[in-house]
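# Summary of structural features
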Amino acid sequence: MSSMSRDGCIDYRDALIMKRLSEISRVLLVTGGKGGVGKSTVASTAALILSQSSNRTGLLDLDLNGPSACLLLGVDESPVETEEGLIPPSVGGLKVMSVDLFARGRPLPLTGGAKEEVVKEMMALTSFGRLDYLVVDTPPGTGDELLTITRLTKQVGGALVVTTSSPLSISVARRVIEILGSMNYRIVGLVENMSTGAGDSPSRHLAAETDVEFLGAIPFDAEIMTGGGKTGPEKLLATAFARSLREKLRKAGLKVF
């Protein structure tokens with residue numbers, strides 16, 4: 001099914017995106033709305049964990065404001081252009097596509113409409129092939145980009161909502177949950193990242209109030225912050241952060257061992 005683009009013409013990309021998604025069993029959107037909650041680290045590590053659990057896995061980094069998957073995973077190869085589309089580079093068996101593979105660290109001064117266009121181009125042009133899981137690191141905010149991604153992946157998608165214990169993060173996560181709910185988009189659970197373990201968890205209360213499963217808290221892990229951001233698969237998987245996230249993914253019903 002095709003939709004109208006902003007200029008009133010039929011958008012051919014929707015049909016191409018549907019073709020791409022027909023080869024993917026499950027899409028996991030990692031979202032939360034608020035920047036700085038560790039969403040990209042959760043998405044990159046979750047994709048690694050799924051890949052290491054014998055799943056054919058891809059990671060699509062759509063965080064246009066600060067794409068960091070390539071830095072976290074040590075990916076610097078360019079996608080390969082073929083007749084089928086752009087073939088993403090792989091690291092540790094995980095296929096990774098990010099806007100940063102084109103921007104190469106340069107800022108992307110994009111308006112709201114332009115951001116939505118980039119999201120659609122990335123989803124239409126990237127050829128992941130057959131996957132068990134596609135993990136998508138969504139852009140911060142609750143605007144058109146999030147609505148576009150959820151609309152396109154609704155049939156095979158589920159969302160993992162990431163927040164911290166700060167009141168602002170909780171407030172934005174609540175709005176994301178409400179938006180996903182209004183679109184009947186499945187939410188696999190909510191995690192509280194960078195938890196200090198102090199006091200009662202506001203994330204647990206948010207989950208209860210919105211009828212979303214609380215998957216638990218991921219303790220703050222200073223090891224994730226070392227190395228100037230560049231981590232790599234082996235180091236990332238060896239962290240306490242990854243061990244805790246693995247439990248949360250298993251609790252969410254994902255194929256993880």
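In short, a report on the structure.

### Thoughts on the overall build of the chain
Secondary structure summary: the chain contains 10 helices and 12 strands in total. Per-residue burial for the chain yields a buried fraction of 52% across its 257 residues. Restricting the contact set of the chain to residue pairs at least 6 apart, pairs at least 24 apart contribute 77%. For the chain, the exposed area adds up to about 11300 Å²; of that, 54% sits on carbon and sulfur atoms.

### A few points about the nonpolar core
Core analysis: the largest hydrophobic core is formed by 69 residues, its most contacted members being L59, L60 and L73. With 7 residues, the top contributor of residues to this core is helix α2 (residues 39-52). Among all residues touching L59, those that are not within four sequence positions of it are A43, S44, A47, A69, L73, L94, K95, V96, M97, F128, L134 and V135.

### Details of unusual backbone geometry
Positive phi, close to 65°, is recorded for S54, a residue that is not glycine. By secondary structure assignment, the location of S54 is in the loop between α2 and β4 (57-61). With a relative accessible area of 54%, S54 lands in the exposed category.

### Quick notes on the pattern of salt bridges
Throughout the structure, instances matching the rule amount to 10 salt bridges. Here K120 and D14 are joined by a salt bridge, their closest N and O atoms 2.7 Å apart. With K120 in helix α5 (residues 112-125) and D14 in helix α1 (residues 13-21), this residue pair connects regions lying 106 residues apart in the sequence. Where K39 meets D137, a salt bridge forms, and the shortest distance between an N and an O atom there is 2.8 Å. Taken together, the positions of K39 in helix α2 and D137 in strand β9 (residues 131-137) put the pair 98 residues apart, joining distant regions of the chain. As far as the burial class goes, K39 and D137 line up, both buried.

### Looking at the side chain of R13
Tracing the backbone shows R13 in helix α1. The class of R13 is buried, set by a relative accessible area of 4%. A polar contact of 2.9 Å, which involves the side chain of R13, links it to the side chain of D11. Of note is the side chain of R13, whose polar atom sits 2.9 Å from the side chain of E121.

### Quick notes on the packing of α1 against helix α6 (residues 144-153)
Relative to each other, α1 and α6 sit at 55°, their axes nearing to 10 Å. Classed by the angle they form, the pair α1 and α6 counts as oblique. Residues D14, I17, M18 and L21 of α1 form the contact with α6, whose participating residues are R151, L152 and T153. A breakdown of the residues in the contact of α1 with α6 according to their chemical character gives 4 nonpolar, 1 polar and 2 charged.

Cut-offs used in this document
- Throughout, residues of each chain are indexed from 1 in the direction in which the sequence is written.
- The predicted origin of the model limits local features to residues at a pLDDT of at least 70 and limits the giving and counting of side-chain atom pairs to 80 or more, whereas totals for whole chains, interfaces and linings rest on all residues.
- Side-chain numbers come from the whole structure's heavy atoms, not from hydrogens or water.
- Only DSSP runs of H or I reaching four residues or more are called helices, and only runs of E reaching two or more are called strands; each is numbered from the N terminus.
- The rule is simple: take the accessible area with a 1.4 Å probe, protein chains only, and divide by the maximum for that residue type; under 20% is buried, over 50% is exposed, in between is partly exposed.
- In this analysis, two residues are considered to be in contact whenever any of their non-hydrogen atoms come within 4.5 Å of each other.
- Method for areas: the Shrake-Rupley scheme with a 1.4 Å probe, in which residue coverage is limited to the protein chains shown.
- We define a nonpolar core as any set of buried Ala, Val, Leu, Ile, Met, Phe, Trp, Tyr and Cys residues linked to one another through side-chain atoms lying within 4.5 Å.
- Salt bridges are defined as contacts in which a side-chain nitrogen from Lys or Arg sits within 4 Å of a carboxyl oxygen from Asp or Glu.
- Pairs of N or O atoms are called polar contacts if they sit within 3.5 Å, as long as, within protein, a hydrogen donor faces a hydrogen acceptor (for residues adjacent in sequence, only side-chain-to-side-chain pairs).
- To obtain each axis, a line is fitted to C-alpha atoms, and for helices this fit is confined to the stretch in contact; angles are then taken between N-to-C directions over 0 to 180 degrees.
- Roughly parallel means an angle under 35 degrees; roughly antiparallel means over 145; roughly perpendicular covers 65 to 115; every other angle is labelled oblique.
- Any residue that is not Ala, Val, Leu, Ile, Met, Phe, Trp, Tyr, Cys, Pro, Asp, Glu, Lys or Arg is counted as polar, Gly included; the first ten are nonpolar and the last four charged.

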